[in-house]
Amino acid sequence: MPGCAHCGRKLDIIANQVGRRDTCPGCEEDLRSCRNCRHFDESVAKACKEPFAEVPRDKDEANFCELFQLGEGGLHQKDSRDAMLSAAEALFGRK
């Protein structure tokens, strides 16, 4: 069953019936985004397993990718600027 990659909520969507403006009823995040696609994988180049996809810069916003297929909704943590700065400060010992 498909689910939201942002909040983990299961979605009652049949096949791949997701429009560009559709949002999750649980968290209101865009559903037609890279993070909700079955091809999304942060461990590969451009975070997309589909080699011919034109990958947008922002993986959380709705896009027009023709190769989009709704995924199972495994939670993907959004990268926030504050979290990255905190990690860098902890690594380099800056106070």
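To be clear, the structure that these remarks concern was listed above.
Fair warning: this is a prediction, and the values are worked out from it, not measured in the lab.

Asker: Quick rundown of the overall build of the protein chain? Include the residues and the values.
Answerer: When helices and strands are tallied, the protein chain shows one helix and zero strands. Across the 95 residues of the protein chain, 31% fall into the buried class. Put simply, of all contacts in the protein chain between residues at least 6 apart along the chain, 56% involve residues at least 24 apart. For the protein chain, the exposed surface amounts to about 6900 Å²; the carbon and sulfur share of it is 49%.

Asker: Give me the lowdown on empty space enclosed by the protein, citing residues and values where you can.
Answerer: Within the structure shown, the criterion is met by one cavity of 30 Å³ or more. Within this model, the largest cavity holds a volume of roughly 130 Å³. Lining of the largest cavity is provided by 17 residues; of these, Cys34, Cys37, Cys48, Ala53 and Cys65 occupy positions nearest its centre.

Asker: Could you give an account of the pattern of salt bridges, with specific residues and numbers?
Answerer: Summed over the entire model, instances satisfying the criterion amount to two salt bridges. Between Arg35 and Glu42 there is a salt bridge; the shortest N-O distance is 3.5 Å. A relative accessible area of 7% means that Arg35 is categorised as buried. Between Arg35 and Asp60 there is a salt bridge, with the nearest N and O atoms lying 2.5 Å from each other. Of this pair, Arg35 sits in the segment before helix H1 (81–92) while Asp60 sits in the segment before H1, placing them 25 residues apart in sequence. A residue is classified by how much of its surface remains accessible, and Asp60, at 15% relative accessible area, is buried.

Asker: I'd love a proper account of the side chain of His39, names of residues and values included.
Answerer: Here His39 lies in the segment before H1. At 3.4 Å, the side chain of His39 forms a polar contact with the backbone oxygen of Leu67.

Asker: Summarise unusual backbone geometry; cite the residues concerned and give the values.
Answerer: The backbone of Glu28 shows a phi angle near 65°, a positive value even though the residue is not glycine. Looking at the element boundaries, Glu28 is found in the segment before H1. If you check the backbone angles, Ala47 has positive phi at about 60° while not being a glycine. As for its placement among the helices and strands, Ala47 is situated in the segment before H1. Residue class for Ala47 comes out buried when judged on its relative accessible area of 13%.

Asker: Describe the environment of Pro51, naming the residues involved and giving the relevant values.
Answerer: With respect to the element layout, Pro51 can be found in the segment before H1. Considering only alpha carbons, one finds Pro51 and His39, 12 residues apart in sequence, at a separation of 9.8 Å.

Definitions and limits used
Residues numbered from 1 in each chain as written. Predicted model: local features only at pLDDT ≥ 70, side-chain atom pairs only at ≥ 80, totals over all residues. Heavy atoms only, no water. Helix = DSSP H or I, 4+ residues; strand = E, 2+ residues; numbered from the N terminus. Buried < 20%, exposed > 50% of the residue type's maximum accessible area, 1.4 Å probe, protein only. Contact = heavy atoms within 4.5 Å. Areas by Shrake-Rupley, 256 points an atom, 1.4 Å probe, with all protein chains shown as cover. 1 Å grid on protein atoms, 1.4 Å probe; cavity = no way out; pocket = protein on both sides within 12 Å on 5 of 7 lines; lining within 4 Å. Points joined across faces, edges and corners; volume = space filled by probe spheres on them. Salt bridge = Lys/Arg side-chain N within 4 Å of Asp/Glu carboxyl O. Polar contact = N/O pair within 3.5 Å; in protein donor to acceptor, adjacent residues only side chain to side chain.

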